[in-house]
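Here are the chains, one letter per residue:
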Amino acid sequence: MNVMLATDTPTTEPILKMTGISKTFPGVKALSDVALELRPGHVTALIGENGAGKSTLVKILTGIYQPDGGSILIDGKEVTLPTADAAQELGITAIHQETVLFDELTVAENIYIGHQPRNRYGLIDWTAMHARAAAILHGIDAPISTRTRLKDLSIAQRHLVAIARALSIDARIVIMDEPTAALSYKEVEELFAIIDRLKKAGKAILFISHKFEEVWQICEYFAVFRDGRQVGAGRLDEVSHNDLVKLMVGRDVTQAFPKLKADIGEVVLKVDGYCHPTEFDQVSLELRRGEILGLYGLVGAGRSEFCQALFGVTRPSAGTVTLSGKPLAVRSPSDAIDAGIVYVPEERGRHGAITAMSIVSNISLPSLKVTSRKNFLRMAEEFDLARKYAERLDLRAASLSQPVGTLSGGNQQKVVIGKWLATLPKVIILDEPTKGIDIGSKAAVHAFMSQLAVEGLAVIMVSSEIPEILGMSDRVIVMREGRMAGTFEREGLTPEALVRAATGNKEAAA
Amino acid sequence: MNTIRSLLARREALLVLACLLLLVAITARFPAFSTPRNLAGVFNDTSILIMMALGQSAVILTKSIDLSVAANVALTGMTVAMLNHLVPGLPLVVLILIALGMGMLLGAINGFLVWWLDIPAIVVTLGTMTIFRGLAFVESGGAWVNAHEMSPAFLELPRTLILGLPVLSWVGILAIVLAVLLFTRTGVGRAFYATGGNAVAAVYTGIDVGKTRFLAFVLSGTISGLCGYLWVSRYAVAYVDVASGFELDTIAACVIGGVSTIGGVGTVGGVVLGALFLGIIKNALPVIGISPFWQMAISGAIIIAAVVINARGERVKGRIILRRKELPL
């Protein structure tokens, strides 16, 4: 069985046509009136910042989300994709950044899961399954045994298995969601060779990537998403790098960020040559009283990992930290909290609040040393502390004894921030402080962050949103692949400069 | 709107109600069952279960489980009984300290394996449960230590009456009071809840999750050690299969009492009521003349009913979240 046989000569008629697709989540409009076309034998790049709506679109295409409106045409016929099965039936398959295959199953089982070949008794025909899987893998030059367990494969090999799976279901539309994010240079080349073969086989490919060089290397068409809208689409050979960057970030950056003028004082925190064996290398920075330092980069640039090491969650392999002129050895988060460094993690739900606990207990948790006497907790003190910060953050709750799990996302975020402020820190690290919260809450968090700086706190803000970085930071450090890729002052900073530093796009820099 | 607490309050009220209904039903047939004297006897009978369920609940709160508690009782109980027999001059105080120390050590071994080697608690304690009982066999050679081989002081302490209640009951009451203080009024107790409620968030809050679990296992082990002495003294016999299967009773008491099996939720009151509920059933069924096999089936059915009630509680919580979501921020 040779699955690589080329079909008809590639036409430029789109095989997939989406128009007017909208999707709203409570409080967030994820997609509004989005259009996308995919052509057989061609690769279309889908470009956009985090939160632009790319993954929502992928989930609609793979039948995981249902759009609120709009139409999807395949081969000119209107279709609906009510389930993942239905999408697969229509020949749509997705290869994700982290493959969603089964670690404990063999390569052949992964390729044929859900559509295993059967023998005449209705039982799984293992011989046929292994033979066909081997044929497909041979077709894409993937020297992988069909009996290997998936967990023993590298990420690049897993991608090959995912591609083989796509071929096994005779997929005509292949979505690749940042497939190169975790690949080495050589593995990327190999992946591109396979994408070329898929193109020749007449597949329509949607390629999602942050890396511009890759986009130019293998894509013919592009679509740019921004804030849930499609802001541009067309042939890649008709646009320049800079056009794309502008489309991607080019919203009105002067939109209201309530940054107040803060007096920037003496250096509070000094980090020198911070290294980690696998996540980041030689990161150094100085942070002053009243300053907001933006930490920008692509997802996986090592920003959060650096901040977590600073907070004592992981240990750095080299480097020193000086806080208010004194050397500081952070061995655990509790050391960092005692010294006055706190970290508000990115995912509130998973890392921030303890949702079964009351608001009071959450806020007082890192401050129990202060609120208790002789190791005995004092409820009244805890309530006082919680009340103080709940008022300050304008927390909306019926009662402070209410479990945090019953609050809205924005209010949960306030509890998490309040819990850290109650420790009276000198340095506060906010990791993606407004990710996944609605616009109203965003403005409140920004105003509050600004207020903290005015009050003399030193703030490190990790953010992947360019407007937020530009609007809130006094200074920006850009990280790329675990290293510092540039430091920028607020004055004269452009979105293009940030994207260039973060993506390493030299051509655009020229 | 105090959802979880009111839910738990409801659950505790529910348990009190269930215990009362049970008592009424039993009393209808055997009026003597509900005399204060007999009820005090039931409490005394259940004291060991209450204590060990409290230790178990600390472990479950941290999202772990301790299957080795009953084996700990057997090993510690056998050890102190043999020491009492072989070294008759050893004062009872020393034996009790040995029981506490040995239980603590066994708990620390569990805690250490869970903490440092990062092995799941169910696997660790499944292993140590077998090892502890095996050691009890090794040290005794499978022989029993019978009442006549134990010193009078060793046997009498749990039965000694103070203000009309036996010492065993007083120890149980003391354990309840200490557990309330530990769970609600100390940082360690708060750390139990935080660790089980959201381990990652607890780490970010400066709580050492591994150490917290370690302490929970040490607590559970220490209580089991003390109960090892109380058990062999109360039943006046030590043998390898002492308290066989009792670990499941401690877990059942926690589940019936509303301790979430995935950690982070539970109260001392609930655990005590859960244990008492089981204690009443255990004491009443033989009186009514139901065979031990039915007793096990009934206990099992009650545990499943408790889990169903827990699940229903979770669902109610979900609805409340949605209702709040509609409100403006």
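Worth saying up front: this structure is predicted, and the values here are computed from it rather than measured. (Residues numbered from 1 in each chain as written. Chains lettered and ligands numbered in written order. Predicted model: local features only at pLDDT ≥ 70, side-chain atom pairs only at ≥ 80, totals over all residues. Heavy atoms only, no water.)

Visitor: Run through unusual backbone geometry, naming residues and quoting values.
Guide: Residue and element names in this part refer to chain A. Residue Asp-33 is not a glycine yet carries a positive backbone phi of 55°. Although it is not a glycine, Leu-424 sits at a positive phi angle of roughly 50°. We classify Leu-424 as exposed; its relative accessible area is 64%. (Buried < 20%, exposed > 50% of the residue type's maximum accessible area, 1.4 Å probe, protein only.)

Visitor: Give a description of the domain arrangement of chain A that names residues and reports values.
Guide: Partitioning chain A into structural domains gives domain 1 (16–249), domain 2 (267–340 + 425–509) and domain 3 (356–424). Taking only C-alpha atoms, the centre of domain 1 of chain A and the centre of domain 3 of chain A are 44 Å apart. (Domains from an automatic or database assignment.)

Visitor: Outline the interface of chain A and chain B, listing residues and values.
Guide: Taken together, the contact pairs 43 residues of chain A with 27 residues of chain B. Of the roughly 2,900 Å² buried at the junction of chain A and chain B (both faces included), carbon and sulfur atoms supply 63%. By the criterion of area lost to chain B, the three top residues of chain A are Ile354(A), Leu377(A) and Thr406(A), representing 18% of everything that side buries. For the interface between chain A and chain B, the tally reads one salt bridge. Listed by contribution, the elements that provide at least two residues to the side of chain A that touches chain B are helix 10 (333–339), helix 11 (348–352), helix 12 (359–364), helix 14 (379–392) and helix 15 (409–421) of chain A. The biggest single contributor to the side of chain A that touches chain B is helix 15 of chain A, with five residues. Here the residues of the side of chain A that touches chain B are counted per class, giving 20 nonpolar, 17 polar and six charged. (Contact = heavy atoms within 4.5 Å. Buried area = accessible area lost by both parts, 1.4 Å probe. Salt bridge = Lys/Arg side-chain N within 4 Å of Asp/Glu carboxyl O. Helix = DSSP H or I, 4+ residues; strand = E, 2+ residues; numbered from the N terminus. Nonpolar A, V, L, I, M, F, W, Y, C, P; charged D, E, K, R; others polar.)

Visitor: Go over the packing of aromatic side chains with me, naming the residues and quoting the values.
Guide: One pass over the structure, following the stated rule, counts 16 aromatic pairs over all chains. Between Trp144(B) and Tyr239(B) the ring centres are 4.5 Å apart and the planes differ by 15°, which places this aromatic pair in the stacked class. Pair noted here: Trp144(B) is in the loop between helix 5 (121–140) and strand 1 (145–146) and Tyr239(B) is in the loop between strand 4 (237–238) and helix 11 (246–256), with a separation of 95 residues, a long-range link. Among the aromatic side chains, those forming a connected cluster through ring pairs are Phe311(A), Tyr343(A), Trp420(A) and Tyr204(B). Between the NZ or CZ atom of Arg39(A) and the centre of the ring of Tyr221(A), over which it lies, the distance is 4.4 Å. Just above the ring of Tyr235(B) sits the side chain of Arg234(B); from NZ or CZ to the centre is 5.5 Å. (Phe/Tyr/Trp six-rings, centres within 6.5 Å; stacked < 30°, edge-to-face > 60°. Lys NZ or Arg CZ within 6 Å of the ring centre and 35° of its normal.)

Visitor: Requested: an account of the nonpolar core, with residues and values cited.
Guide: As a rule of thumb, nonpolar side chains are buried together in soluble globular proteins. Counting residues in hydrophobic clusters, the biggest one holds 130 residues, and the most contacted among them are Leu269(A) and Phe306(A). Listed in part, the 90 residues of the second largest apolar core include Phe33(B), Ala99(B), Val232(B) and Ala284(B). (Core = buried A, V, L, I, M, F, W, Y, C linked by side-chain atoms within 4.5 Å.)

Visitor: Can you explain the sheet that holds strand 12 (residues 283–288) of chain A? Please cite residues and give values.
Guide: All names here are of chain A. With antiparallel pairing, the four strands of this open sheet are ordered in space as 12-11-14-15. Each having just a single partner strand, strand 12 and strand 15 (326–328) make up the two edges of the open sheet. Taken pair by pair, the neighbouring strands of this sheet meet at an average axis angle of 20°, ignoring direction. Examined bridge by bridge, strand 11 (residues 267–275) and strand 14 (residues 318–323) share five bridges and lie antiparallel to one another. Across the sheet, Lys-270 pairs through a bridge with Thr-322, a residue of strand 14. Across the sheet, helix 9 (residues 303–310) is in contact with strand 11, strand 12 and strand 14; its angle to strand 11 comes to roughly 115°. (Pairing = 2+ DSSP bridges. Axes fitted to C-alpha atoms, helices over the stretch in contact; angles between N-to-C directions.)

Visitor: Which residues make up the pairing of strand 11 of chain A, and what are the values?
Guide: Strand direction decides the pairing type here: strand 11 of chain A and strand 12 of chain A, joined by five bridges, are antiparallel. Of the residues in strand 12 of chain A, the one forming a bridge with Lys270(A) is Glu286(A).

Visitor: Could you give an account of the pattern of salt bridges, naming the residues involved and the relevant values?
Guide: Residues and elements named next belong to chain A. Under the definition given, this model contains 21 salt bridges over all chains. A salt bridge links Asp-103 to Arg-158; the shortest N-O distance between them is 3.2 Å. Of this pair, Asp-103 sits in the loop between strand 6 (92–95) and helix 3 (107–112) while Arg-158 sits in helix 5 (residues 155–168); the two residues are 55 residues apart in sequence, bridging distant segments of the chain. Exposure remark for Arg-158: the relative accessible area of 16% places this residue in the buried category. One salt bridge in this structure joins Arg-378 and Glu-381, with 3.9 Å as the shortest N-O distance. Using a relative accessible area of 22% as the deciding quantity, one classes Arg-378 as partly exposed. Residue Glu-381 is classed as partly exposed on the basis of its relative accessible area, which comes to 33%. Where salt bridges share partners, they join Lys-17, Glu-37 and Arg-39 into one cluster.

Visitor: Could you give me a rundown of the environment of Met472(A), with the residues and numbers involved?
Guide: All names here are of chain A. Mapped onto the secondary structure, Met-472 falls in helix 17 (residues 466–472). Taking the relative accessible area as the measure of exposure, Met-472 reaches 0% and is therefore buried. Distance from Met-472 to Ile-292, taken between C-alpha atoms, is 7.0 Å for residues 180 residues apart in sequence. Among residues more than four places away in sequence, those in contact with Met-472 are Phe-257, Lys-259, Ile-292, His-446, Met-449, Ser-450, Met-461 and Arg-490.

Visitor: Which residues make up the packing of helix 7 (residues 167–185) of chain B against helix 10 (residues 209–235) of chain B, and what values do they have?
Guide: Residue and element names in this part refer to chain B. For the pair helix 7 and helix 10, the least separation of the axes is 12 Å and the interaxial angle reads 170°. Looking at the two axes, helix 7 sits roughly antiparallel to helix 10. Contacts between helix 7 and helix 10 involve Leu-168, Val-171 and Leu-182 from the former and Leu-219, Leu-226, Leu-230 and Arg-234 from the latter. Residues of the contact of helix 7 with helix 10, tallied by class, amount to six nonpolar, no polar and one charged. (Parallel < 35°, antiparallel > 145°, perpendicular 65-115°, else oblique.)

Visitor: Can you explain the confidence of the model for chain B? Please cite residues and give values.
Guide: Interpretation of the predicted coordinates at a detailed level should be avoided for regions scoring low in pLDDT. Mean pLDDT over chain B: 88, with 91% of residues reaching 70 or higher. Scored below 50 in pLDDT, residues 315–329 of chain B makes 19 contacts in the model with residues more than four places away or belonging to other chains. (pLDDT = per-residue confidence, 0-100.)

Visitor: Mind laying out the sheet that holds strand 20 (residues 483–489) of chain A, listing which residues take part and the relevant values?
Guide: Residues and elements named next belong to chain A. Within the open sheet, the six strands sit side by side as 16-17-18-13-19-20. Their pairing is mixed. Edge strands, defined here as strands with exactly one partner in the open sheet, are strand 16 (341–344) and strand 20. Averaged over all adjacent pairs, the angle separating strand axes in this sheet is 20°, with direction ignored. As defined by bridge partners, strand 13 (residues 292–297) adjoins strand 19 (residues 475–480) across five bridges and the pair is classed as parallel. Pairing of Leu-295 across the sheet is with Ile-477, part of strand 19. On top of the sheet, helix 9 reaches strand 13, strand 16, strand 17 (427–431), strand 18 (458–462) and strand 19; it is set at about 135° to strand 13, its chief contact. Running over the sheet, helix 18 (residues 495–503) touches strand 13, strand 19 and strand 20 and is turned about 30° from strand 19.

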